[in-house]
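Fold and geometry: a report
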Amino acid sequence: MAGNSGVLYVVATPIGNLADISERARQTLADADLIACEDTRHSRALLAHLGIGLGSGADGETALWAYHEHNEAQITPRLLAHIEAGKRVALISDAGTPLISDPGFVLVRAARERGLCVVPIPGPSALLCALSAAGLPSDRFLFVGFPPRPSGQRRTWIEGFAAEPGTLICYESGKRAAVTLADLCAVLGGQRRGVVARELTKHFETFLSGELDTLAARVAADPEQQLGELVILIEGERRPASERQEVEELRILAILSDELPLRQAVALAARITGGNRNRLYKKALAQRQSEA
Ligand code: SAM
């Protein structure tokens, strides 16, 4: 750590219920010389609730600066200069833990590269809050952030972690929940168990659980379930690798044999999947016979 330098505190704030602020977070914000936040109007309301007055940053007052994805390149060097000058800088986001689908990575990495002191002040995060109460396996999980918005990109994105054995967790807005659940169903199959955790820690907190196809239909049919913020959790892939490989081989073979002569489809499917060509050929023949 650089001598005489200040500290960058990475402070988690509530995801809905203001009573979830920790005493340490409150004290850190009250003692900060400068608070960097996403939306200053939003954070002013939180700080007012905590009884933290704001000012210019001089004479013991706390300054509030906007720090978001559109200005982080300009603001990061200025924040680093403050820390190097011995100031206590606190980073918060609109809700939850900074850097978790929120800005801050650029600043924290730059602070670490300069040998500055970075201190986490832990607290709420929607992903762990949802996982802790969803009833899905929690020994291993993969957090994948927000799905891409165009459906084609979203399906490719889902394919990228279809084989993951741990519980999958993504963020989504209520407005897009139905389309994302429909794509999750289409790619992962409707039989996997899932949970939609909505409006966590708030008045209308709900956990919907069930198989993906039931969940998707339920959310699509109920406008209430499309309101607010939510976390989608899906049980990981539990089939053995050999079974998954076989399903994947047959899926690719079916697509290719719709377009190509059988031998060519088999040769290509074997190259794509790494499967055995003779075995695939026998399967393709058996499939053809059963369809005849
Ligand atoms: N940094 C935050 C955290 O630690 O959870 C996440 C910020 S990200 C921009 C916002 C997304 O988090 C929302 O779209 C939603 O998916 C999830 N989220 C945040 N608050 C939530 C809540 N109270 N209930 C359910 N999901 C929430």
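Presented here is a report on the structure given in the accompanying data block.

The rules behind each value
Residues numbered from 1 in each chain as written. Predicted model: local features only at pLDDT ≥ 70, side-chain atom pairs only at ≥ 80, totals over all residues. Heavy atoms only, no water. Near = heavy atom within 4 Å. Polar contact = N/O pair within 3.5 Å; in protein donor to acceptor, adjacent residues only side chain to side chain. Areas by Shrake-Rupley, 256 points an atom, 1.4 Å probe, with all protein chains shown as cover. Axes fitted to C-alpha atoms, helices over the stretch in contact; angles between N-to-C directions. Helix = DSSP H or I, 4+ residues; strand = E, 2+ residues; numbered from the N terminus. Parallel < 35°, antiparallel > 145°, perpendicular 65-115°, else oblique. Left-handed = near helix turned anticlockwise from the far one by under 90°. Contact = heavy atoms within 4.5 Å. Nonpolar A, V, L, I, M, F, W, Y, C, P; charged D, E, K, R; others polar. Salt bridge = Lys/Arg side-chain N within 4 Å of Asp/Glu carboxyl O. Buried < 20%, exposed > 50% of the residue type's maximum accessible area, 1.4 Å probe, protein only. Pairing = 2+ DSSP bridges.

**Examining the site of the ligand**
The environment of the ligand is made up of 19 residues, and the closest members are Asp102, Ser125, Ala126, Tyr171 and Leu230. Contact between the ligand and leucine 200: a nitrogen atom at 2.8 Å from a main-chain N or O atom of the residue. A total of 570 Å² of accessible area belongs to the ligand in isolation, and the protein chains cover 92% of it.

**So, the packing of helix H7 (residues 174–188) against helix H8 (residues 212–221)**
Put simply, H7 and H8 touch, their axes get as near as 9 Å, and they point 160° apart. Judged on the interaxial angle alone, H8 and H7 are roughly antiparallel. In terms of crossing hand, the pair formed by H7 and H8 is left-handed. Contact with H7, carried on its side by Ala177, Ala178, Leu181, Ala182, Leu184, Cys185 and Leu188, involves Leu212, Asp213, Leu215, Ala216, Val219 and Ala220 of H8 and no other residues of that element. Split into classes, the residues belonging to the contact of H7 with H8 amount to 12 nonpolar, no polar and 1 charged.

**Let's talk about the pattern of salt bridges**
Tallied over the entire structure, the rule returns 17 salt bridges. The residue arginine 239 makes a salt bridge to glutamate 237 at a minimum N-O spacing of 2.6 Å. You can call arginine 239 partly exposed: its relative accessible area is 34%. Note on glutamate 237: relative accessible area 8%, which makes it buried. A salt bridge links lysine 283 to glutamate 249, with the shortest nitrogen-to-oxygen separation between them at 3.6 Å. With lysine 283 in helix H11 (residues 277–291) and glutamate 249 in helix H9 (residues 241–259), this residue pair connects regions lying 34 residues apart in the sequence. With a relative accessible area of 18%, lysine 283 lands in the buried category.

**Regarding the sheet that holds strand S3 (residues 63–66)**
The 5 strands are arranged S3-S2-S4-S1-S5 in an open sheet whose pairing can be described as parallel. For this open sheet the edge positions go to S3 and strand S5 (117–121), each flanked by a neighbour on one side alone. Averaged over all pairs of adjacent strands, the angle between their axes in this sheet comes to 25°, without regard to strand direction. Strand contacts of helix H3 (residues 72–84): strand S1 (7–11), strand S2 (34–37), S3 and strand S4 (88–91), with the helix running at about 155° to S3, the strand carrying the most contacts. The strands that helix H4 (residues 105–113) touches are S1, S4 and S5; relative to S1, the one it contacts most, it runs at about 150°.

Fair warning: the whole summary comes from geometry, so function is off the table for now.
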